[in-house]
Structures are given as structure tokens and as C-alpha cells.
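Overview (structure and organization)
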Amino acid sequence: MEEELARLREAALAEIAACGTEAELEAVRVRYLGRKGSLTEAVRGLGRVPPAERPALGALVNQAKEAVEAAVAVAGERLAAARLAESLAHDRIDVTLPGRRRPRGHAHPLRLVEDEIVDVFVGMGFQVAEGPEVEDDYHNFAALNFGADHPARDAQDTLFLADGPDLLLRTHTSPVQIRYMRATQPPLRVVVPGTVYRRDDLDPTHSPMFQQVEGFMVDERVSFADLKGVLVHFLRRLFGAETGVRFRPSFFPFTEPSAEVDIACVRCAAAGAADPACRVCRGRQWLEILGAGMIHPNVLRAVGYDPETVQGFAFGLGTDRIAILRYGIEDLRLFYENDLRFLAQFPS
Ligand code: DAH
């Protein structure tokens, strides 16, 4: 029995020392110290030993068990430390490395200016609406009081679509007035940003595709004074509180009376004096910014409103033109070429 114990003890210690993983160590521990382990069996075997030998042998068994338990504990710590060191070496990250920068997108300059414009009107309680770019003659022209022979319907201006009897690309955002008013009842205040199309060749100041913002307000007792108040406020928010604004009589089929609205040349104003050779206003000192007017009674009737009870004003402006003034850009084509070197210059 003594020899047997010594052999077990040596064998256990050797196996423990040879373990390379915590799982192997656990298997060895179970083999010697588990419920059916060899040393556990040896404790039970004490019952068959003559009583006189039991105390000495019992002490030996306990020593062997304690020695093996201690060896398991030491090996367990060694293997756990090795596992930690291994995973630290393996998963090392250098937190001082610079991060990888993801290229950030930029809002398009036309979108930035459109947002600025729309925000001023939203601040005055206007809703934002949109409408389709493919329109029909009724919404783009007829309901807006264009006569059957109005020159704007001419194929020179309008891009007609081949696949419909009267389908066209909208030439302005004004048809959204018709769509919106037909679907709603006054009072209403609406701004409509959107893309419009005309049969124009691309050059520094023309594009067959460009951007407009339409606006209109309808209620009882809306007057030309409301139109002036809203538009002067808008233009001064956009171009500065001191900006000169002037209204000139004009003509649009869908407004009566109609006006064109100019602002004092931004470049001459910044220079403090009118420059006869100014390349922005070409010496004229005023810049045409938008068209406006009181909504024509025929238009109100076309959408089912009674012009005796409600009145409205409307306006339309070219977003591209305002962006050109805002950013001092000389060539409209830059907005549509999508050259990232150009587009990345506009901070959002
Ligand atoms: N629709 C006009 C255009 O494209 C712009 C315009 C002028 C819109 C006067 C309006 C307005 O609503 O009242 O040239």
C-alpha cells in the first residue's frame, strides 16, 4: 500500500507537470481526486487495512492528496497566466494609432441654398410641398391661366415627352400651386422647392435643368402688402438686413397684378459704391431675383376657390441664380457636372 501510494503520487505530479491546457489539467485532477479518482479510492481502501496500520497509512494518504491538490492549484495558476499572456499577445491593439478617416459626404451647394431659402419661409409658418416633374398641360399651363396660344407653351421652351398625348417636363414649379390648392382649403402658406426643365442649351448662364422655389399664401384679405412684407423679409434674411429691395410691375398669366423683385447688387453694395463695370450686375446696380404677384382670380376659380372670399399671393425664384450670387460662382454648369473637387468646397 505504501509503495502503491508513492507510485500514484509520483505519477499524478508528473502528469500535472505535463499538462499544457486547463482542460487537460482538469482531466488529470478528476482521474486522481474525483469521486472515482485513484487517490479517493485509496482513502476508501483504508477500511481493509488492519486497524493498527491505519493511522500511519491514513497520514500518508492525506499527504499524497494534499500534495496533488497543491500541484493542481499551482499548475492551474500557471496555465491561466499563460492563457492570458497568449491572448494579450494575440489581440494586442495599439490605441495610439491614428484612426481611419471615412470620407464625409457634402450637401450639394444647390441643396444648401435651397435649404436656406426654405428655412426662412418655414420660420414664417410656411409648409413645404413637392410635386411631380412630369406634368401635363393642364397643371403646367391651362389651370395657370396660360392662353392656348401663349408662347411659353411653344416647343422652343417646353420639353414634351414622346410617350403621352400631353405629357411634359414641368417648366416651372407653379403647377404645384394647382395640385396643392385642389387638395386643400385655405388658409394656406406653402413653399415648393423643385427641379424644372426648359429647352435651353447648356452654357455659363443657362441649363435645360434648373431649380426653383415656388411659394404661395391664400387666406381671406391677403393683399399685396402681405406679399411685400413676406418677400422683403425673406430677401433681407438671405442677403442681409440692409439689402435694398425694389418691386417693378411685370406680367405673368397666373398673377394680377404681377411684379418682378430686384435686390441691390450684392457686389456693389459690398464695395460700398456702384461699379459701372461690375461683373455681377454689369453696371445696372440691381439684380432680378424673383417673380411674384397676386394669384389671378382665374387660377383661384380653377382650383375651386371663390376669389370674392379668398385672395392669395405667389412667387417663384431661381435657386441656381441665388446660389451663384451667394457663392460668387461664374458658371452655372459647375452645379451639374458633379466634379467632387468643386462640390467638396461647400461645408454643410
Ligand atoms: N413660374 C414663373 C417662372 O417660372 C415664376 C413665377 C413668377 C412664379 C410669378 C410665381 C409668380 O408664382 O407669382 O418664371
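The paragraphs below set out a description of the structure included in this document.

Cut-offs used in this document
- Residues numbered from 1 in each chain as written.
- Predicted model: local features only at pLDDT ≥ 70, side-chain atom pairs only at ≥ 80, totals over all residues.
- Heavy atoms only, no water.
- Core = buried A, V, L, I, M, F, W, Y, C linked by side-chain atoms within 4.5 Å.
- Buried < 20%, exposed > 50% of the residue type's maximum accessible area, 1.4 Å probe, protein only.
- Helix = DSSP H or I, 4+ residues; strand = E, 2+ residues; numbered from the N terminus.
- Contact = heavy atoms within 4.5 Å.
- Pairing = 2+ DSSP bridges.
- Axes fitted to C-alpha atoms, helices over the stretch in contact; angles between N-to-C directions.
- Parallel < 35°, antiparallel > 145°, perpendicular 65-115°, else oblique.
- Left-handed = near helix turned anticlockwise from the far one by under 90°.
- Nonpolar A, V, L, I, M, F, W, Y, C, P; charged D, E, K, R; others polar.
- 1 Å grid on protein atoms, 1.4 Å probe; cavity = no way out; pocket = protein on both sides within 12 Å on 5 of 7 lines; lining within 4 Å.
- Points joined across faces, edges and corners; volume = space filled by probe spheres on them.

What follows is about the nonpolar core. Soluble globular proteins: nonpolar side chains tend toward being buried together. Ranked by internal contacts, the top residues of the largest apolar core, which has 45 residues, are Ile 117, Phe 121, Phe 234, Leu 235, Leu 290 and Phe 313. Among the elements of the structure, helix H5 (109-122), strand E5 (209-219), helix H8 (224-239), strand E7 (255-264), strand E8 (286-295), strand E9 (311-318), helix H11 (319-327) and helix H13 (340-343) are those that each provide at least two residues to this core. No other element matches the eight residues that H8 contributes to this core. Contact partners of Leu 235, with chain neighbours within four places excluded, come to Gly 240, Val 245, Val 261, Ile 263, Ile 289 and Leu 290. Ranked by size, the runner-up nonpolar core spans 22 residues in total, among them Leu 144, Val 192, Leu 300 and Tyr 305.

The subject of this paragraph is the pairing of E9. Bridge count for E5 against E9 is eight bridges, and the pairing is antiparallel. Bridging from a neighbouring strand, Glu 214 pairs with Gly 316 of E9. Sheet analysis places E8 next to E9, joined by five bridges and oriented antiparallel. Its bridge partner lying in E9, Met 294 is registered against Phe 313.

The next point concerns the packing of H5 against H8. Between H5 and H8, the shortest axis-to-axis distance is 10 Å and the interhelical angle comes to 135°. Our classification of the angle between H5 and H8 gives oblique. At the point where H5 passes H8, the crossing takes the right-handed sense. Taken together, the residues of H8 that come into contact with H5 (itself represented by Glu 116, Ile 117, Val 120 and Phe 121) are Val 230, Leu 231, His 233, Phe 234, Arg 237 and Leu 238. Here the contact of H5 with H8 is built from residues that sort into seven nonpolar, one polar and two charged.

With seven of ten residues buried, E7 lies mostly within the body of the structure. Note: strand E6 (residues 245-252) against E7, seven bridges, orientation antiparallel. Looking across to E7, one finds that Arg 248 is bridged to Glu 260. Counting the residues between successive antiparallel strands, the hairpin from E6 to E7 contains two residues. Of the strand pairs in this sheet, E7 and E8 are connected by eight bridges, and their pairing is antiparallel. Each bridged residue has a counterpart across the sheet, and for Glu 260 the counterpart in E8 is Gly 291.

Approximately 270 Å³ is the volume found for the second largest pocket. Around the second largest pocket, the lining is made up of 15 residues, and of these Leu 110, Arg 111, Glu 114, Thr 195 and Gln 211 lie nearest the centre. Looking at the lining of the second largest pocket, the elements with two or more residues in it are H5, strand E4 (188-197) and helix H12 (334-337). In terms of residue class, the lining of the second largest pocket is built from four nonpolar, six polar and five charged.

On their own, these measurements won't tell you what the molecule is for.
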